[in-house]
Amino acid sequence: RNILIVPGGARESIVAHPGTMSLLLQRRKGFVRLALNQGVPLVPVISFGETDMYNMLEIEEDSVLHEAQSVYQRLFGFTVPLFWGRTIWGIVPSVMPKRTPIHIVVGPPLRAPKIKDLRSEEGQRAVEALHAEYVASLRRLYEAHRHLWHNECERGGLNIM
């Protein structure tokens with residue numbers, strides 16, 4: 001049995017602009033706790049070109065629209081990014097994705113020993129260590145395979161926030 005978790009979630013979707021690879025992981029450790037609690041490995045996966053499938057409306061942080069998205073996210077737990085894909089007849093935006101290659105790279109599994117008490121000092125150290133290993137693994141995958149991304153480094157490459 002396997003489970004797929006996208007740690008960045010809804011917040012990551014609103015920073016997923018074409019030519020960027022921004023991953024919200026610095027404070028996201030619940031998926032690491034889950035792996036350690038169950039004693040199952042974490043498998044790092046990185047997708048090149050995923051953010052290039054759609055155009056995104058860039059919303060300034062101090063704008064009314066940004067505040068509306070923030071309120072919506074606090075109320076409902078997610079927000080809807082304002083996006084569009086291909087245009088119909090060159091003028092009408094649609095939700096159909098743009099024709100762009102997507103390359104998914106899967107790294108080697110990271111061993112996660114089963115730890116019953118994640119609140120203990122040992123458990124906290126294990127969470128921090130596995131999280132750091134996971135982030136480092138994503139960085140290695142990015143560096144090894146960044147040539148697959150036609151938009152690579154357009155806006156700064158990999159950004160782990």
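Rules used throughout
- Residues numbered from 1 in each chain as written.
- Predicted model: local features only at pLDDT ≥ 70, side-chain atom pairs only at ≥ 80, totals over all residues.
- Heavy atoms only, no water.
- Core = buried A, V, L, I, M, F, W, Y, C linked by side-chain atoms within 4.5 Å.
- Buried < 20%, exposed > 50% of the residue type's maximum accessible area, 1.4 Å probe, protein only.
- Helix = DSSP H or I, 4+ residues; strand = E, 2+ residues; numbered from the N terminus.
- Contact = heavy atoms within 4.5 Å.
- Polar contact = N/O pair within 3.5 Å; in protein donor to acceptor, adjacent residues only side chain to side chain.
- Axes fitted to C-alpha atoms, helices over the stretch in contact; angles between N-to-C directions.
- Parallel < 35°, antiparallel > 145°, perpendicular 65-115°, else oblique.
- Left-handed = near helix turned anticlockwise from the far one by under 90°.
- Salt bridge = Lys/Arg side-chain N within 4 Å of Asp/Glu carboxyl O.

> Sorry if this is basic, but what is going on with the nonpolar core here?
Nonpolar side chains tend toward joint burial in soluble globular proteins. Counting residues in each nonpolar core, the largest one holds 26 residues, and the members touching the most others are Met21, Leu25, Leu36, Leu42 and Ile46. Among the elements of the structure, β1 (21-23), α2 (30-38), β2 (45-48), α4 (121-145) and β8 (158-160) are those that each provide at least two residues to this core. With 8 residues, α4 is the largest single contributor of residues to this core. Contact partners of leucine 36, with chain neighbours within four places excluded, come to Ala112, Pro113, Lys114, Ile115, Leu118, Ala126, Val127 and Leu130.

> Teacher, can you tell me more about the side chain of threonine 51 here?
Position of threonine 51 among the secondary structure elements: in the loop between β2 and β3 (55-56). Of note is the side chain of threonine 51, whose polar atom sits 2.8 Å from the backbone oxygen of threonine 20. Ignoring sequence-local partners within four residues, the contact set of threonine 51 consists of Ala16, His17, Pro18, Gly19, Thr20 and Trp149.

> Quick question: what am I supposed to make of the packing of α2 against α4 here?
For any two helices packed against each other, one specifies the crossing angle of their axes together with the interaxial distance. Axis separation between α2 and α4 bottoms out at 9 Å; the angle between their running directions is 115 degrees. Comparing the axis directions of α2 and α4 gives the class roughly perpendicular. In this structure, α2 crosses over α4, and the sense of that crossing is right-handed. Each of Phe31, Val32, Arg33 and Leu36 in α2 lies in contact with α4, whose residues at this interface are Ala126, Val127, Leu130, His131 and Tyr134.

> Explain the environment of threonine 51 to me, please; I cannot follow it from the model alone.
Using a relative accessible area of 15% as the deciding quantity, one classes threonine 51 as buried. On a C-alpha basis, the gap between threonine 51 and valine 15 in space is 9.3 Å, while along the polypeptide they are 36 residues apart.

> Just checking my understanding: could you explain the pattern of salt bridges for this structure?
Note that side chains of opposite charge can pair when their charged atoms are close. Inspection of every chain in the model, using the stated rule, returns 4 salt bridges. Across the salt bridge formed by glutamate 121 and arginine 125, the nearest N and O atoms sit 3.1 Å from each other. With glutamate 121 and arginine 125 both in helix α4 and 4 residues apart, this pair spans about one turn of that helix. With a relative accessible area of 63%, glutamate 121 lands in the exposed category.

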